[in-house]
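What follows is each chain in one-letter form.
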Amino acid sequence: MQNKPLISVIVPTLNRSGMLGNAIKSVEEQSYSNVELIIVDDCSDSKVVVDKSEYSLPITLIHNSKRMGGGASRNIGVTASKGQFVCFLDDDDTYSKDKIKQLLCYFDKYPEMHAIFGKVLGSTERKSLQHEKKVTDFFSIGGLHTNGSLIRRSVFNTLEFYEKLPKFQDTQLHLELIKEFNVLFIDEQVAIWNKDHGHGQITDLKTTEQHLRAYNAFCLFNSYIKDKYSLTPKQSWYMLKNRISLYSKCRSIAPVDDLNTFELLLFKAVSSYVLKK
C-alpha cells in the first residue's frame, strides 16, 4: 500500500502466559511495521503481565474483571482498536513473518473486499477455497481460520462476535462475513496453528462430554443464525449436517426437542446412517 494504514492485532488470552510470548514476538517481527497489539486477558488465574519495554511495537493490555469468554474478549479488543484494519491471533499460535504485508497487498488489488483470509498451517483444507476467489459457500468455512484473516475495521460497526457462544465463535464470525460482506481467500500461508502443544484447546473434541458441550453450543449458534438470517436450502443443510455430526458422537444424552417434525425425521435418519459408516 502506498500509505501505511495502522493494523490492530487482537490477542485474547487465558492462562497461557507461557505461550503468549511467542504470539507477541510473531507480531513484533512482522515485515509490516505500522501495527498496534491489543492483548485482552480474560481474567486468567494469574494476572497476565507484559513488559512493554521489551517490545518495539505499541501494546495495550486489557484485563477483564471477570471471565467473559473468547467472543467477548475479541469484541473488547475491537472496541479498543484504532487501526483501519483488524486481525486476530490466538495466544498459542503465531503469524508468518509477512502475514500482514501479504494480505494488505491483496486489499490493494481487490479494494472491494471487506475481509481477506490466507492459509493457516495446520488447519483443514477445502477444495471449494480457490486462490483469489470470493468465498460464498458455507461449506468453505471449515478451511477459514481467524488467525489467517485481515478485516476492515468498518465491518465491526455492524458485526461482532456473538458473546453467548462458548464455542464456534470463529465459525459464527466467518459465516456472517460471508452472508453480509465480500470475502476473499488467498492460497498462501500466513499463520501457524499450534494445535499439538498438549495444554488443551476449546476446539478439542475427544470425549463424549466435549462433544455434548459442542453440540449444545452449536444448537445455540444454529438458533442465533436462523433467527437473524434467511438461509438458502444449501446453507440450511450446512447447519443441519454439522449438528448431525456432533449429535452422532453424543446422541444418548443430546436433546433434539427444538427441531420440527421434518427436521427431526431427517436428522435421525441421517445421523443413524452416519453412525453405521
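Up top you'll find the structure we're talking about.
Quick caveat: nothing in here was measured; it's all calculated off a predicted structure.

### Quick look at the overall build of the protein chain
Inference 1: What the protein chain contains, in helices and strands, is seven helices and nine strands.
Inference 2: Within the protein chain, buried positions represent 52% of all 277 residues.
Inference 3: By sequence separation, contacts in the protein chain at least 24 residues apart represent 76% of the contacts at least 6 residues apart.
Inference 4: Per element, the accessible surface of the protein chain, about 13,500 Å² overall, is 50% carbon and sulfur.

### Topic: the side chain of H174
Inference 1: Mapped onto the elements, H174 comes out in helix α4 (residues 169-180).
Inference 2: Among the polar contacts listed, one links the side chain of H174 to the side chain of T146, at a separation of 3.1 Å.

### Here's the deal with the environment of R213
Inference 1: Relative to the helices and strands, R213 resides in helix α5 (residues 208-228).
Inference 2: With a relative accessible area of 54%, R213 lands in the exposed category.
Inference 3: Along the backbone, R213 and P166 are 47 residues apart, and their C-alpha atoms lie at a distance of 8.7 Å.

### Remarks on the pairing of strand β6 (residues 115-121)
Inference 1: Across the seven residues that make up β6, a large majority, five, are buried.
Inference 2: Looking at chain direction, β6 and strand β8 (residues 149-152) are connected through three bridges and run antiparallel. Bridging across to β8, I116 finds its partner in L150.
Inference 3: In terms of strand pairing, β6 meets strand β9 (residues 183-192) through six bridges, oriented parallel. Directly across from A115, in β9, lies its bridge partner V183.

### Digging into the packing of aromatic side chains
Inference 1: Counted by the stated rule, this structure contains nine aromatic pairs.
Inference 2: Ring plane angle 45 degrees and centroid distance 5.9 Å describe the contact between Y215 and Y247, whose orientation is recorded as tilted. Within this pair, whereas Y215 is found in helix α5, its partner Y247 is found in helix α6 (residues 233-247), the two being separated by 32 residues in sequence. The burial state of Y215 is the same as that of Y247; both residues are buried.
Inference 3: Through successive ring pairs, a cluster of aromatic residues spans F88, F156 and F161.
Inference 4: For the cation-ring pair, K167 lies above F168, with the distance from its terminal atom to the ring centre recorded as 5.6 Å.

### Topic: α4
Inference 1: Over its twelve residues, α4 extends 17 Å from the first C-alpha to the last, a length consistent with the 16 Å expected when each residue adds 1.5 Å.
Inference 2: A large share of α4 lies buried, amounting to nine of its twelve residues.
Inference 3: Looking only at α4, the buried set comprises Q169, T171, Q172, L173, H174, L175, E176, L177 and I178.
Inference 4: Each element contacted by the buried residues of α4 is listed here: α2 (70-80), β6, β8, β9, α5 and α6.

### A short note on unusual backbone geometry
Inference 1: The backbone of C43 shows a phi angle near 60 degrees, a positive value even though the residue is not glycine.
Inference 2: Mapped onto the secondary structure, C43 falls in the loop between β2 (35-41) and β3 (59-63).
Inference 3: The backbone of E132 shows a phi angle near 60 degrees, a positive value even though the residue is not glycine.
Inference 4: Locating E132 in the fold gives a position in the loop between β6 and β7 (133-134).

### Considering the environment of D41
Inference 1: Here D41 lies in strand β2.
Inference 2: We classify D41 as buried; its relative accessible area is 2%.
Inference 3: Put simply, D41 and T13 are 28 residues apart on the chain and 5.0 Å apart in space, counted from C-alpha to C-alpha.
Inference 4: In contact with D41, other than residues within four places in its own chain, are T13, K47, V48, I62, H63 and N64.
Inference 5: Among the polar contacts listed, one links the side chain of D41 to the side chain of S44, at a separation of 2.6 Å.

### As for the pattern of salt bridges
Side-chain pairs of opposite charge can arise where the charged atoms are in close proximity.
Inference 1: Scanning the model with the defined rule gives ten salt bridges in all.
Inference 2: The salt bridge involving K119 is made with D187; its shortest N-O contact spans 3.1 Å. You can see K119 sitting in strand β6 and its partner D187 sitting in strand β9, a full 68 residues away along the chain.
Inference 3: Under the relative-accessibility criterion, K119 is labelled partly exposed at 27%.
Inference 4: Taken together, the shared-partner salt bridges in this structure form one network comprising R16, D91 and D92.

What counts, and where the lines are drawn
Residues numbered from 1 in each chain as written. Predicted model: local features only at pLDDT ≥ 70, side-chain atom pairs only at ≥ 80, totals over all residues. Heavy atoms only, no water. Helix = DSSP H or I, 4+ residues; strand = E, 2+ residues; numbered from the N terminus. Buried < 20%, exposed > 50% of the residue type's maximum accessible area, 1.4 Å probe, protein only. Contact = heavy atoms within 4.5 Å. Areas by Shrake-Rupley, 256 points an atom, 1.4 Å probe, with all protein chains shown as cover. Polar contact = N/O pair within 3.5 Å; in protein donor to acceptor, adjacent residues only side chain to side chain. Pairing = 2+ DSSP bridges. Phe/Tyr/Trp six-rings, centres within 6.5 Å; stacked < 30°, edge-to-face > 60°. Lys NZ or Arg CZ within 6 Å of the ring centre and 35° of its normal. Expected span 1.5 Å × (residues − 1). Salt bridge = Lys/Arg side-chain N within 4 Å of Asp/Glu carboxyl O.

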